[in-house]
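What follows is the residue order along each chain.
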Amino acid sequence: MDLTFSERETAFRDELRSWLADNPPDPKPADGGEEAQLAWRLDWQRRLYEGGWAAPHWPVEYGGRGVTPTESAIYFEEIGRARAPMAANILGVLLGGPTLMVWGTQEQKDRYLSPILSGEEIWCQGFSEPDAGSDLASLKTRAVKRGDEWVVTGQKVWTSGAQYSKWCMLVARTDSDAPKHKGLTYFLMDMQQDAVQVRPLRQITGEAEFNELFIEDATIPDTNVVGDVGNGWNVALTTLMNERAGIGFASQIRLRQLLDDLIVVAAERGLMEDPLYADALAELHMRCESIRLLAWKGLTDVERYGQPGPEGSLVKWLWSDTNQRVTQLAADIVGPQALIGGTGWSYELLRARGNTIEGGTTEVLKNIVAERVLGLPRLKVAA
Ligand SMILES: Cc1cc2nc3c(=O)[nH]c(=O)nc-3n(C[C@H](O)[C@H](O)[C@H](O)COP(=O)(O)OP(=O)(O)OC[C@H]3O[C@@H](n4cnc5c(N)ncnc54)[C@H](O)[C@@H]3O)c2cc1C
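Structural notes, computed from the coordinates. (Residues numbered from 1 in each chain as written. Predicted model: local features only at pLDDT ≥ 70, side-chain atom pairs only at ≥ 80, totals over all residues. Heavy atoms only, no water.)

**Thoughts on helix α6 (residues 232–268)**
And then number 1: Taking 1.5 Å of rise per residue, 37 residues should cover 54 Å, and α6 covers 53 Å from first to last C-alpha, within 8% of that figure.
And then number 2: Its maximal kink placed at Gly248, α6 deviates by approximately 25 degrees.
And then number 3: Looking one or two places after α6, you find Gly270, whose phi comes out positive at around 70 degrees. (Helix = DSSP H or I, 4+ residues; strand = E, 2+ residues; numbered from the N terminus. Expected span 1.5 Å × (residues − 1). Bend = angle between axes of the 7 residues up to and from the residue.)

Written as structure tokens, this is what we have:
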């Protein structure tokens, strides 16, 4: 991939920079807890939408700008540089929308895509269950056809943002007799029904970002099946590949900023003269650069095949590992303040713990890289 920007790409970057200069994101709210954070992220999404910047990578017909993968990468870098928050409906924009564009019917695209962009309807991802995380295909939530609707019963867990979501990307078992990957169907489930109960799970950071979902006889109209009955595994893979590539790309920019902030603190404390800290920071700098280049390289897949490839797993794996290293080094550099609950650094240190689990654990990503990127033989597990 050629990383020199063309005239068009430079013009795109300058237009965005000038919009961001005129419309800077508000600073992160210091008080008000999770509600204030959500309001901040919703407001930012609305402003992006009104300015036509909510998802430039989406096709023009669905409210995007139809930009190239390179321009899309420029977009994420500039938004990151402006220290903007993650848009409130990030799962809808990066995962749900692109999945519907591949598998959805025209009616589904017309109905759902626009409110995703405006943030009017927030989306969550109902994949994981108490006994089905890495081995997603063993999930047990069942959907049974009754007339022209489906009746769903089961439990989901770790569902991020479910407490304020309107739609859930739900994978459920619709055929118990079929092989486990073949008996699944992908639905859009309305979260606003009594049959879906959301119970928050409080994390080590103190916030309840994710939830348990208890689903008892929830109904989903047949028109909300995405990509045909029994084809849920393939549709879910599209969502997961977009998750690893899209969130991976945005996250590596955030990682760079965190490291830059840490370098500033280290310099203020005179620690850059200390070879131990200087070495550790230099190593993290090199890691960040290689992750950035790998993330850019991943764009060539999108250019070639129209969809992210398995290489996105490599970026996600390296990002999560490096983010944990940066936040651990921060605890040494910043000192006790990094360990005091409620500071930015303590939040980063604690939140980074989940990075190697969410969106696919590091072990599972390593398997994907080994088998699907490097072409190594599948691991044979001893009986
Ligand atoms: C912050 C956060 C947000 C999340 N948000 C969502 C969400 O919005 N929606 C959603 O559906 N899920 C979400 N998850 C769940 C996440 O996708 C799962 O936690 C993850 O897939 C792992 O599943 P599990 O927790 O069941 O662990 P398990 O799959 O039980 O894994 C346990 C351990 O075994 C290892 N392991 C498992 N299989 C293999 C294998 N084949 N080879 C080698 N090692 C293996 C794992 O790496 C891990 O160390 C979130 C998780 C976190 C931490």
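Here the narrative resumes, following the displayed structure.
**So, the side chain of Ser320**
And then number 1: Looking at the secondary structure, you find Ser320 in helix α8 (residues 312–334).
And then number 2: Aside from chain neighbours lying at most four places away, what touches Ser320 is Asn355, Thr356 and Thr362. (Contact = heavy atoms within 4.5 Å.)

**Remarks on the layout of surface pockets**
And then number 1: For the second largest pocket, the calculated volume is near 730 Å³.
And then number 2: Forming the walls of the second largest pocket are 32 residues, and the residues nearest its centre are His57, Asn242, Val302, Gly306 and Pro308.
And then number 3: Those elements giving two or more residues to the lining of the second largest pocket turn out to be α3 (69–81), α4 (90–103), α6, α7 (275–305) and α8.
And then number 4: With 6 residues, the single largest contributor to the lining of the second largest pocket is α7.
And then number 5: For the lining of the second largest pocket, a count of residues per class yields 18 nonpolar, 12 polar and 2 charged. (1 Å grid on protein atoms, 1.4 Å probe; cavity = no way out; pocket = protein on both sides within 12 Å on 5 of 7 lines; lining within 4 Å. Points joined across faces, edges and corners; volume = space filled by probe spheres on them. Nonpolar A, V, L, I, M, F, W, Y, C, P; charged D, E, K, R; others polar.)

**What to know about the site of the ligand**
And then number 1: Taken together, 16 residues lie near the ligand, and Gln125, Ser134, Trp158, Thr361 and Glu363 sit nearest.
And then number 2: Separating a nitrogen atom of the ligand from a side-chain N or O atom of Asn367 is a distance of 3.0 Å.
And then number 3: Protein chains shield 66% of the accessible area of the ligand, which is 980 Å² for the free molecule.
And then number 4: Grouping the constituent residues of the shell around the ligand by class yields 4 nonpolar, 9 polar and 3 charged. (Near = heavy atom within 4 Å. Polar contact = N/O pair within 3.5 Å; in protein donor to acceptor, adjacent residues only side chain to side chain. Areas by Shrake-Rupley, 256 points an atom, 1.4 Å probe, with all protein chains shown as cover.)

**Notes on the nonpolar core**
And then number 1: Formed by 73 residues in total, the largest nonpolar core has its most connected members in Leu262 and Ile333.
And then number 2: When residues in this core are grouped by element, the largest group, 12 residues, is from α6.
And then number 3: Beyond its immediate chain neighbours, meaning those up to four positions away, Leu262 contacts Leu281, Val326, Leu329, Ala330, Ile333, Val334 and Trp345.
And then number 4: Judged by nonpolar contacts, the second largest core, of 18 residues, contains Trp150, Met189, Met191 and Ala195. (Core = buried A, V, L, I, M, F, W, Y, C linked by side-chain atoms within 4.5 Å. Buried < 20%, exposed > 50% of the residue type's maximum accessible area, 1.4 Å probe, protein only.)

Function cannot be read off these values alone, since they describe shape.
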